[in-house]
Amino acid sequence: PAGLWTVFTLGGVGSKSSSQLEQCSPLASQSLLLLLIFFYFFISDNTAFSSSNPHAFQINFNSLYTALCEQQKSDQATLLLYMLLHQNSNVRTYVLARTDIENLV
(Lines give C-alpha, C1' and ligand atoms only; values in the text may rest on other atoms or scores of the structure.)
Protein backbone atom coordinates (compact mmCIF):
# COMPACT_ATOMS: atom_id res chain seq x y z
CA PRO A 1 0.00 0.00 0.00
CA ALA A 2 2.81 2.45 0.74
CA GLY A 3 4.01 2.07 -2.83
CA LEU A 4 0.63 3.13 -4.16
CA TRP A 5 0.70 6.33 -2.11
CA THR A 6 4.23 7.05 -3.33
CA VAL A 7 2.97 6.75 -6.89
CA PHE A 8 -0.14 8.76 -6.01
CA THR A 9 1.98 11.67 -4.77
CA LEU A 10 4.68 11.28 -7.42
CA GLY A 11 6.29 14.53 -8.36
CA GLY A 12 4.04 16.84 -6.33
CA VAL A 13 1.55 17.11 -9.19
CA GLY A 14 -1.30 18.40 -7.02
CA SER A 15 -1.21 21.88 -8.53
CA LYS A 16 -1.82 20.56 -12.04
CA SER A 17 -5.13 19.83 -13.71
CA SER A 18 -6.32 16.26 -14.29
CA SER A 19 -5.18 16.25 -17.92
CA GLN A 20 -1.76 17.60 -16.92
CA LEU A 21 -1.60 14.94 -14.20
CA GLU A 22 -2.20 12.21 -16.77
CA GLN A 23 0.46 13.63 -19.10
CA CYS A 24 3.04 14.26 -16.38
CA SER A 25 2.45 11.14 -14.32
CA PRO A 26 0.25 8.54 -16.01
CA LEU A 27 1.18 5.94 -13.39
CA ALA A 28 -0.08 8.16 -10.55
CA SER A 29 -3.30 8.84 -12.43
CA GLN A 30 -3.90 5.17 -13.18
CA SER A 31 -3.10 4.20 -9.57
CA LEU A 32 -5.66 6.67 -8.27
CA LEU A 33 -8.29 5.33 -10.66
CA LEU A 34 -7.45 1.78 -9.55
CA LEU A 35 -7.95 2.80 -5.92
CA LEU A 36 -11.35 4.25 -6.81
CA ILE A 37 -12.34 1.02 -8.53
CA PHE A 38 -11.24 -1.11 -5.57
CA PHE A 39 -13.03 1.19 -3.17
CA TYR A 40 -16.24 1.08 -5.19
CA PHE A 41 -16.31 -2.71 -5.41
CA PHE A 42 -15.51 -3.22 -1.73
CA ILE A 43 -18.38 -0.91 -0.77
CA SER A 44 -20.78 -2.55 -3.24
CA ASP A 45 -19.94 -6.05 -2.07
CA ASN A 46 -19.97 -6.26 1.72
CA THR A 47 -18.96 -9.92 1.57
CA ALA A 48 -15.44 -8.75 0.71
CA PHE A 49 -15.03 -7.69 4.35
CA SER A 50 -16.17 -10.97 5.81
CA SER A 51 -12.76 -12.62 5.46
CA SER A 52 -11.05 -14.19 8.43
CA ASN A 53 -8.51 -11.31 8.57
CA PRO A 54 -10.42 -8.00 8.64
CA HIS A 55 -7.18 -5.99 9.01
CA ALA A 56 -5.45 -7.30 5.89
CA PHE A 57 -5.21 -3.84 4.33
CA GLN A 58 -3.88 -0.98 6.43
CA ILE A 59 -3.43 2.66 5.44
CA ASN A 60 -1.43 5.37 7.13
CA PHE A 61 -4.12 8.05 7.56
CA ASN A 62 -1.54 10.81 7.93
CA SER A 63 0.00 9.97 4.53
CA LEU A 64 -3.44 9.67 2.98
CA TYR A 65 -4.51 13.04 4.41
CA THR A 66 -1.31 14.72 3.18
CA ALA A 67 -1.69 13.23 -0.30
CA LEU A 68 -5.33 14.31 -0.56
CA CYS A 69 -4.45 17.85 0.57
CA GLU A 70 -1.81 18.02 -2.17
CA GLN A 71 -4.21 16.71 -4.83
CA GLN A 72 -7.12 19.10 -4.24
CA LYS A 73 -7.42 20.09 -7.90
CA SER A 74 -7.74 16.52 -9.10
CA ASP A 75 -11.32 15.35 -9.66
CA GLN A 76 -10.30 11.77 -8.95
CA ALA A 77 -8.70 12.68 -5.61
CA THR A 78 -11.77 14.69 -4.64
CA LEU A 79 -13.98 11.71 -5.45
CA LEU A 80 -11.77 9.41 -3.38
CA LEU A 81 -11.94 11.84 -0.45
CA TYR A 82 -15.74 12.05 -0.76
CA MET A 83 -16.11 8.27 -0.81
CA LEU A 84 -13.76 7.81 2.13
CA LEU A 85 -15.50 10.43 4.25
CA HIS A 86 -18.96 9.05 3.58
CA GLN A 87 -18.22 5.34 3.73
CA ASN A 88 -15.40 4.96 6.25
CA SER A 89 -16.01 6.11 9.81
CA ASN A 90 -12.32 5.72 10.72
CA VAL A 91 -11.24 8.17 7.99
CA ARG A 92 -14.06 10.54 8.91
CA THR A 93 -13.04 10.51 12.59
CA TYR A 94 -9.39 11.07 11.70
CA VAL A 95 -10.12 14.01 9.39
CA LEU A 96 -12.45 15.66 11.91
CA ALA A 97 -9.80 15.31 14.63
CA ARG A 98 -7.18 17.14 12.55
CA THR A 99 -6.37 20.69 13.63
CA ASP A 100 -5.36 21.70 10.09
CA ILE A 101 -8.56 20.72 8.29
CA GLU A 102 -8.48 24.06 6.42
CA ASN A 103 -5.70 22.54 4.24
CA LEU A 104 -8.20 20.02 2.96
CA VAL A 105 -11.07 22.46 2.54
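Residues numbered from 1 in each chain as written. Predicted model: local features only at pLDDT ≥ 70, side-chain atom pairs only at ≥ 80, totals over all residues. Heavy atoms only, no water.

(A) Summary view of empty space enclosed by the protein. Scanning all chains against the criterion turns up 1 cavity of 30 Å³ or more. Roughly 50 Å³ of internal volume is contained in the largest cavity. Taken together, F61, L64, Y65, L68, L81, V91, Y94 and V95 make up the lining of the largest cavity. Elements with a minimum of two residues in the lining of the largest cavity: α4 (61-70) and α6 (89-97). Of the residues forming the lining of the largest cavity, the biggest block, 4 residues, is contributed by α4. Residue composition of the lining of the largest cavity, by class: 8 nonpolar, no polar and no charged. (1 Å grid on protein atoms, 1.4 Å probe; cavity = no way out; pocket = protein on both sides within 12 Å on 5 of 7 lines; lining within 4 Å. Points joined across faces, edges and corners; volume = space filled by probe spheres on them. Helix = DSSP H or I, 4+ residues; strand = E, 2+ residues; numbered from the N terminus. Nonpolar A, V, L, I, M, F, W, Y, C, P; charged D, E, K, R; others polar.)

(B) Region of interest: the packing of aromatic side chains. Across all of its chains, the model carries 2 aromatic pairs by this definition. Taking 5.7 Å as the distance between ring centres and 45° as the angle between the ring planes, the aromatic pair formed by F61 and Y94 counts as tilted. Of the two residues, F61 is situated in helix α4 and Y94 in helix α6; the sequence distance between them amounts to 33 residues. Classification of F61 as partly exposed rests on a relative accessible area of 26%. Assessed through its relative accessible area of 24%, Y94 is described here as partly exposed. In textbook terms, an aromatic cluster arises when at least three aromatic residues are bridged by ring pairs, as seen for F61, Y65 and Y94. (Phe/Tyr/Trp six-rings, centres within 6.5 Å; stacked < 30°, edge-to-face > 60°. Buried < 20%, exposed > 50% of the residue type's maximum accessible area, 1.4 Å probe, protein only.)

Remember, this is a structural readout, not a statement about activity or role.
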